[in-house]
Amino acid sequence: MLGLATTATATTATAGATTAAKNRVLCSSGRVQRGFVQWFQRSSVACYRISSPSLRSNFCAVKAMAEADTISILKAQSPSTASGNKQALISLSDKKDLAFLGTGLQSLGYTIVSTGGTALALENAGVSVTKVEQLTCFPEMLDGRVKTLHPNIHGGILARRDQKQHMEALNEHGIGTFDLVVVNLYPFYDKVSSGGIEFEDGIENIDIGGPAMIRAAAKNHKDVLVVVDSQDYSALLEFLQGNQDDQLFRRKLAWKAFQHVASYDSAVSEWLWKQTVGDKFPPSLTVPLSLKSSLRYGENPHQKAAFYVDKSLSEVNAGGIATAIQHHGKEMSYNNYLDADAAWNCVSEFKNPTCVIVKHTNPCGVASRDDILEAYRLAVKADPVSAFGGIVAFNIEVDEALAKEIREFRSPTDGETRMFYEIVVAPKYSQKGLDILRGKSKTLRILEAGKNEKGKLSLRQVGGGWLAQDSDDLTPEDIQFKLVSDKAPLESELCDAEFAWLCVKHVKSNAIVIAKNNCVLGMGSGQPNRRESLRIAMRKAGDEVKGAALASDAFFPFAWKDAVEEACENGIGIIAEPGGSIRDGDAIDCCNKYGVSLLFTNVRHFRH
């Protein structure tokens, strides 16, 4: 069995030198037979590879500095252990604040070992660097795939200082210890999410050596500090300056390191699954979440809460409230996020200028008009009591005129009270519009959001597990409204039915929406029986129910002396429902009796 080559480092003669040598020293633990020499020159280190048909042995030679007459051969000592200095290994793809870190470590007496571009950046910043190949006596190879995967690196990271046999093994093989590892990874996430990348390019952006070093250091965090985030550099240097032995600090960094690698691997896994199978429901699923903010409390003050952003590749540039920009107002609360999400999801469904007002995740007012000011007034009018203190959303820019209307509009209930809102959300704002809204209230939250992309995976937690499903993206253009009654609807009535159907999918079941002229007149939500939801919706619609359209999120189980007949008796002109009940014939006969148009959509819109 071949022995390991011994590493030799060129130094000037010092009192600690144990051996003097000529200008070039050749060291090897293997017997050299016929062969040839390949010479790799790296700085002051010359590494040789001897090959023969029967034997291959790696060994290294040290080329003395021009001004040095002798060198020290450090068989049982690394540069760090020989001098008593600490040793740091730095290998970064993202080199943000690298100079700050390097100079800080150097001032603390650390010897810095680094790779390729990181070493060059440190040298350009005036920081002394030992290159990795000076420790491994092996060049970077396979187009950079192999740089740090070497016992001289991982032995120095993984060795436990409190285990005698570990230290004896390092001593036997001339491997020094590392006290700090600072690594971040190839930008795989950014590369594959930028679009248009070839499969092979994606594969080459999968980091191997980086995660290996991070995991090794994190596992041995009792002896080796590991840093993966430039935001931790200041805290690291402060910790090192204090010469502390805080295991909690080390554990936090180790946790962050493992989480960093886990998120990285989840992106690789997600990308490979899509490249290979593409199904939305893989056998195993990891969702990387990143903390955006700690919240004051959850749904109720006694519940602690936080908000996380989904860092899955599928969510890149996919819009939504999670990535919205907050221009003004108090910090968002748990309930604010839920309500804003409901409002934004609803208003984004409409093509024409639309306003949606939400209270407790239910749209209590929806209106579409060419004139967005009129749409806003009608949305408030649908249920001004519920709208007060709610969330108002628009699918077009909030300009100066609209902002003034939001600021000054009085409640239809008394004509005097200015409408109050928790949140305004829109795709964009003019500068004047933004300034006016900021003046309405110090607490008003102003959000700018991107439209949700279709085709997202919807996740919902239950005790001990998660439910996954396609998002409910269907619009009236995607389905067929099948006439099953004798009376055919007018074109305006059909438009009303489509509008009501699009609204009802955003109302909690059991859900009924009554609408006319692209405006919600009343809605009933969340009732255990559909008839009660109908009555609530009709009470809100009042006299305007005559000739209006009604949409139900699911079929009517009964018609006579129940919801269908009650709707017909109160003047509803057209009903849109999924159909599918064993009593569909009763619903048809009832509508025919009262001269009401009945449309079956074959699409249910349950929302729990």
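Residues numbered from 1 in each chain as written. Predicted model: local features only at pLDDT ≥ 70, side-chain atom pairs only at ≥ 80, totals over all residues. Heavy atoms only, no water.

A. Spotlight on the overall build of the protein. Summing up its helical and strand segments, the protein has 20 helices and 25 strands in all. Within the protein, the proportion of its 608 residues that are buried is 47%. Across the protein, the fraction of contacts at a sequence separation of at least 24, relative to all contacts at a separation of at least 6, is 62%. If you sum the accessible surface of the protein, you get close to 30000 Å²; carbon and sulfur atoms cover 50% of it. (Helix = DSSP H or I, 4+ residues; strand = E, 2+ residues; numbered from the N terminus. Buried < 20%, exposed > 50% of the residue type's maximum accessible area, 1.4 Å probe, protein only. Contact = heavy atoms within 4.5 Å. Areas by Shrake-Rupley, 256 points an atom, 1.4 Å probe, with all protein chains shown as cover.)

B. Up close: the sheet that holds strand S5 (residues 87-91). Strand order in the open sheet formed by 5 strands is S7-S6-S5-S8-S9, with parallel pairing between adjacent strands. Bordering the open sheet on either side are strand S7 (130-131) and strand S9 (225-227), each of which pairs with just one other strand. Pairing of strand S8 (residues 180-183) with S9 involves 3 bridges; the strand directions are parallel. Each residue of the ladder has a partner; that of Leu180, found in S9, is Leu225. Together, S5, strand S6 (111-114) and S7 form the strand contacts of helix H3 (residues 116-124), whose direction differs from that of S6 by roughly 140°. (Pairing = 2+ DSSP bridges. Axes fitted to C-alpha atoms, helices over the stretch in contact; angles between N-to-C directions.)

C. How the structure looks around the packing of aromatic side chains. Counted by the stated rule, this structure contains 11 aromatic pairs. Residues Phe388 and Phe420 carry aromatic rings whose centres are separated by 5.9 Å and whose planes lie at 50° to one another, so their mutual orientation is tilted. One end of the pair, Phe388, is in the loop between helix H14 (384-387) and strand S15 (390-394); the other, Phe420, is in the loop between helix H15 (400-408) and strand S16 (421-426), with 32 residues separating them in the sequence. With relative accessibility at 31%, the residue Phe420 sits in the partly exposed group. With a centroid separation of 5.9 Å and 80° between ring planes, the pair formed by Phe481 and Trp501 is classed as edge-to-face. Of this pair, Phe481 sits in the loop between strand S19 (465-470) and strand S20 (482-483) while Trp501 sits in helix H17 (residues 491-504), and the two are 20 residues apart along the sequence. For Phe481, a relative accessible area of 14% translates into the label buried. For Trp501, a relative accessible area of 1% translates into the label buried. (Phe/Tyr/Trp six-rings, centres within 6.5 Å; stacked < 30°, edge-to-face > 60°.)

Fair warning: the whole summary comes from geometry, so function is off the table for now.
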